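# A look at the structure
As a plain string of letters, each chain reads:
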Amino acid sequence: MHELEPVFNPRSIAVIGASRREGTIGQQVTKNLIDGKFPGPIYPINPGATEILGLKAYPSIGDVPEPVDAAVYCVPADKVLEVARQCAKAGVKGHIVITSGFAEVGNKREEDELVQIAKGSGGRVIGPNIVGTMSNPAKANASFAPVLPYVGQTALISQSGALIIALDTVTYARKFGVSSMISLGNMADVDFADCIEYYAQDMNTKCIALYIEGVKNGYKFMQAGRWAGKPIVALKAGVSAHGAAAAASHTGSLAGSVKVYQAACNQAHMIWATDLEDMLNKSQALAMQPVLKGDKVVIITNGGGIGVLGSDAAERHGIPLQAAPADVQAQFRKFMPDFGSPKNPVDITGGSGVAGYEGAIETALRCPWVDGIGVFYCETAVTKATDIANALITKLKETGITDKPVVACFVGGAGSVEAGKVLLEASIPYYDCPNKAMSALAALRQASRFQEVGCKVDFEPYTDVDKRKARSIIAAARAAGRKALTEPEAKELFACYGLPVTKSSLAKTEEEAVHFAQEIGFPVVLKIVSPDILHKSDAGGVRVNLKDAEAVCAGFRAIMENVRRYKADADLHGILVCEMAPLGSEVIIGSVNDATFGPTVMFGLGGVFVEVLKDVTFRVAPISIECALAMQQEIKGYPMLQGVRGEKRRDQEVLAGVLSRLSQLVSDLEDDIAETDANPILLYEEGKGCRVVDARVILKPR
C-alpha cells in the first residue's frame with residue numbers, strides 16, 4: 001500500500017474537533033463525510049459530547065476502539081501538537097491538518113514539530129492551513145468544501161484552499177470530472193511531487209492538474225513529473241518577474257519566474273496552462289481522450305467562419321492544419337454540396353445536416369491519414385445541436401475507434417450548451433470557441449510527445465573539463481573579497497569547460513598593451529578590467545578595431561581617462577587586449593541560479609537585442625545538445641539563425657554544444673555561481689563555429 005493511501009483513500013476517519021454547533025468547521029467536515037456516504041467508520045472526537053450528528057463521539061483518538069487511517073484536525077493551533085502526539089500514539093497514518101496559524105504566520109518551528117511527530121510513527125501530514133481533501137473513489141469529503149466534486153478522472157491539486165472551494169461547484173456547472181481534489185496549504189510535508197507520485201499510480205486518475213503558487217523542492221518536483229507517465233497540467237500563479245531590478249547580469253534581469261517555471265514544467269513533462277480556464281480545458285481533454293499521436297488534425301465544420309478561426313488557432317497552438325490528400329478529399333466530397341470544401345477545414349456547409357456530419361465524421365475516424373478530429377458546429381435553424389452531438393457519439397460507438405482523439409466546438413445558444421452536456425457525459429470534450437478546442441488538441445499532442453520521450457535522462461557529462469582549475473579561479477576571487485570575476489577570469493573559467501573564448505592578455509601599461517596586441521595580431525579590442533565596473537561600455541571602457549600600435553596607445557589612454565571620470569575610486573586591474581573576432585550573428589547564453597530549481601541556462605539573440613526584445617528561452621541545467629538545439633528554435637529570432645536574405649545558416653550544432661557545456665559548468669559550480677552570461681557570442685555560418693567575446697560571472701554571497 002502506498003504510504004499516502006491513508007491520506008487520500010482512507011478506510012476510516014476521525015474528525016478531531018467535531019462539533020454539535022452549526023457553522024463550525026468541525027461540524028461541517030463531519031456532516032460532509034456523512035452526506036458523501038463515506039462507507040467506512042467516522043469517529044467524531046470531542047471530549048464534551050457523546051453523540052454528534054447521530055454518530056457516537058469519543059473524548060480522544062486514544063479512546064477509539066478500532067484502528068483509524070486518517071484524522072482531520074479541526075482544533076485551534078495551540079492544540080494541534082498535542083493532538084498529533086495522541087494520533088501518533090494511536091497509530092494514525094494520515095494527518096489532514098485543516099488548522100491554520102503555522103508557517104503562514106511565522107510559526108515555522110511548531111509546523112516542523114508537527115511533521116516530526118507524525119513521521120516518527122510512520123505518518124504523513126497534509127497541510128496545515130488547508131480546506132481538506134476530497135476523494136470520489138473513497139466517497140470521502142474530508143473538507144469543509146460544499147460537496148464531493150463531479151465524478152471523473154482528473155486529480156486537481158491546489159495550494160489555494162479558496163480555489164478548491166470555488167472549483168468544487170464549478171465541476172458540476174461544466175461537468176468537469178474529478179477523481180480527487182486536494183488542498184495542500186503550507187506543504188509542511190506532503191507536496192506537489194508526493195501528490196504526483198501518488199496519483200501516477202492511482203487507477204481512478206488519468207490526468208493530474210496543479211495550481212501552483214510555489215514549489216519547495218524543484219528537483220523533486222521535476223523528477224516526479226518525468227516519472228509520472230500520465231498527463232500533468234500546471235498552472236503557476238504569481239509569474240511576474242522577481243528580483244530583476246537588483247540583477248547584475250542580463251540573464252538575471254530576464255529570468256522572471258514565469259520563464260523558469262515554464263522551462264522546468266516543460267522538462268518535467270508538464271503541460272503549461274496560461275490561466276484557470278485553460279487548465280480546466282486542457283485537463284478535460286486529457287482525462288477524456290487518447291493522446292494525439294500525429295500532427296494531422298482535421299476540422300469538420302458547417303460554417304466557414306469557425307473553420308477559419310479553428311485553422312488560425314491550430315497554427316497558433318503548434319498543430320497547423322494540413323490539406324487532406326486528394327483521395328481523402330474525394331471521400332469527404334461525398335457528404336457536402338458542390339460549394340463545400342473538402343480540403344481542411346472540411347466545410348460540409350450548413351445545408352448538409354446530420355447526414356453530412358455523420359458521413360464526414362465516419363470518414364475521418366476510419367481514415368489512416370487522420371490523427372485527430374475537431375467537430376465544429378455553428379447553431380442553425382436547419383439542424384439541432386443535440387442531433388449533431390448524438391451523431392458524433394453514435395459514430396464513435398459504431399466505428400469502435402478509440403485511439404484517435406476527438407474534441408467538439410459548438411458555437412450557439414442554449415441548444416449548443418445542451419449539446420455540450422450530452423457530449424461531456426459521453427466523455428467527448430466540448431468547448432464553446434475554436435481556440436479552446438484547438439488548444440485542447442494541442443495539449444493532447446504535447447502529451448503524446450512527452451510519452452515518446454519517456455523518462456530517460458539524456459545529458460551525458462563532459463569529461464574534458466578542468467573542475468579543479470575552475471574552482472581555484474573562483475577561490476582566488478573570493479580570497480580577494482570580490483563578488484564577481486573579472487572578464488579575464490570569467491573567460492578562463494569558461495575555457496575550463498571548453499567554451500571557445502577569444503584570445504586575450506591583461507596589460508598594465510601602454511607598452512604591454514602594444515606588445516600583447518602584436519602577439520595576438522591586429523586588429524584588437526581594448527576593454528577595461530575592474531571589479532567595480534560591470535558594464536564597461538557605460539564607462540567608456542571599450543575600444544574596438546584598433547589596427548596598429550599607435551591606435552592601441554591612444555585607445556589605452558582614452559579608456560583610462562574615461563573610466564577615471566566615470567568612477568574615480570574604481571579598482572583598476574588593467575586593460576584587456578583581445579583578438580577582434582570576425583563579425584557574426586550576435587547571440588547570448590547565460591545562467592541564473594534560481595531559488596527553486598537551481599542552475600538554469602538561457603539563450604537568445606545577443607548584443608542590444610537581448611535588452612530591447614527580451615527574446616530568450618530558459619532550461620534547468622544540465623541540458624543535452626538536443627535540448628540546446630530545441631532552445632534555439634523557440635526564440636522568435638530563430639529564422640535569423642537559419643539564414644535570411646541570402647545569408648547562410650548559422651552553426652547551430654556548435655552553439656548547442658556550448659550551451660550544453662555551460663549547463664554543466666553552472667551545475668558543477670552551483671554553490672559558487674549566482675549568475676553568468678556570455679554576451680555577445682559571435683556565431684558564424686555552418687561549420688565555422690562561434691567565439692565568446694565577452695563574459696561575466698557573478699558569485700553567490702557567502
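The structure reproduced in this document is the subject of the present report. (Residues numbered from 1 in each chain as written. Predicted model: local features only at pLDDT ≥ 70, side-chain atom pairs only at ≥ 80, totals over all residues. Heavy atoms only, no water.)

Listed as buried for helix H2 (residues 25-35) are Gly26, Gln27, Val29, Thr30, Asn32 and Leu33. Among the structural elements, strand S1 (13-16), strand S2 (42-45), strand S4 (55-56), strand S5 (70-73) and strand S9 (140-143) are those in contact with the buried residues of H2. Just beyond H2, the residue with positive phi is lysine 37, at close to 65°. (Buried < 20%, exposed > 50% of the residue type's maximum accessible area, 1.4 Å probe, protein only. Helix = DSSP H or I, 4+ residues; strand = E, 2+ residues; numbered from the N terminus. Contact = heavy atoms within 4.5 Å.)

The subject of this paragraph is the nonpolar core. If you look at the biggest cluster of nonpolar residues, it comprises 61 residues, and the most contacted ones within it are Phe8, Leu210 and Phe221. Top element by residues in this core is helix H6 (residues 192-200). It accounts for six residues. Residues contacting phenylalanine 221, with those up to four places away along its chain left out, are Phe192, Ala193, Ile196, Leu210, Ile212, Val215, Cys265, Met270 and Phe597. (Core = buried A, V, L, I, M, F, W, Y, C linked by side-chain atoms within 4.5 Å.)

Oppositely charged side chains can pair when the atoms bearing their charge come close. Under the counting rule described, the total for this entry stands at 43 salt bridges. Here arginine 174 ties to glutamate 277 by a salt bridge, and the two come within 3.2 Å at their closest N and O atoms. Taken as a pair, arginine 174 in the loop between helix H5 (161-173) and strand S11 (178-183) and glutamate 277 in helix H10 (residues 276-288) lie far apart in primary sequence, 103 residues in all. The class of arginine 174 is buried, set by a relative accessible area of 18%. Classification of glutamate 277 by relative accessible area gives partly exposed; the value is 32%. Residue glutamate 634 pairs with arginine 619 through a salt bridge whose shortest N-O separation is 2.4 Å. Of the two residues, glutamate 634 sits in helix H22 (residues 625-634) while arginine 619 sits in strand S26 (residues 616-620), which places them 15 residues apart along the sequence. Overall, glutamate 634 belongs to the partly exposed group, its relative accessible area being 42%. Members of the salt-bridge network, linked through shared partners, are Glu3, Lys119, Arg124, Asp189, Asp191, Asp194 and Lys220. (Salt bridge = Lys/Arg side-chain N within 4 Å of Asp/Glu carboxyl O.)

The next thing to look at is the sheet that holds strand S12 (residues 207-212). What the seven strands build is an open sheet, ordered S9-S8-S11-S10-S12-S13-S14; its pairing is mixed. The outermost strands of the open sheet, each flanked by one partner alone, are S9 and strand S14 (271-273). This sheet shows a mean twist of 20° between the axes of neighbouring strands, independent of strand direction. Here strand S8 (residues 132-135) pairs with S9 via four bridges, running antiparallel. Directly across from serine 135, in S9, lies its bridge partner alanine 140. (Pairing = 2+ DSSP bridges. Axes fitted to C-alpha atoms, helices over the stretch in contact; angles between N-to-C directions.)

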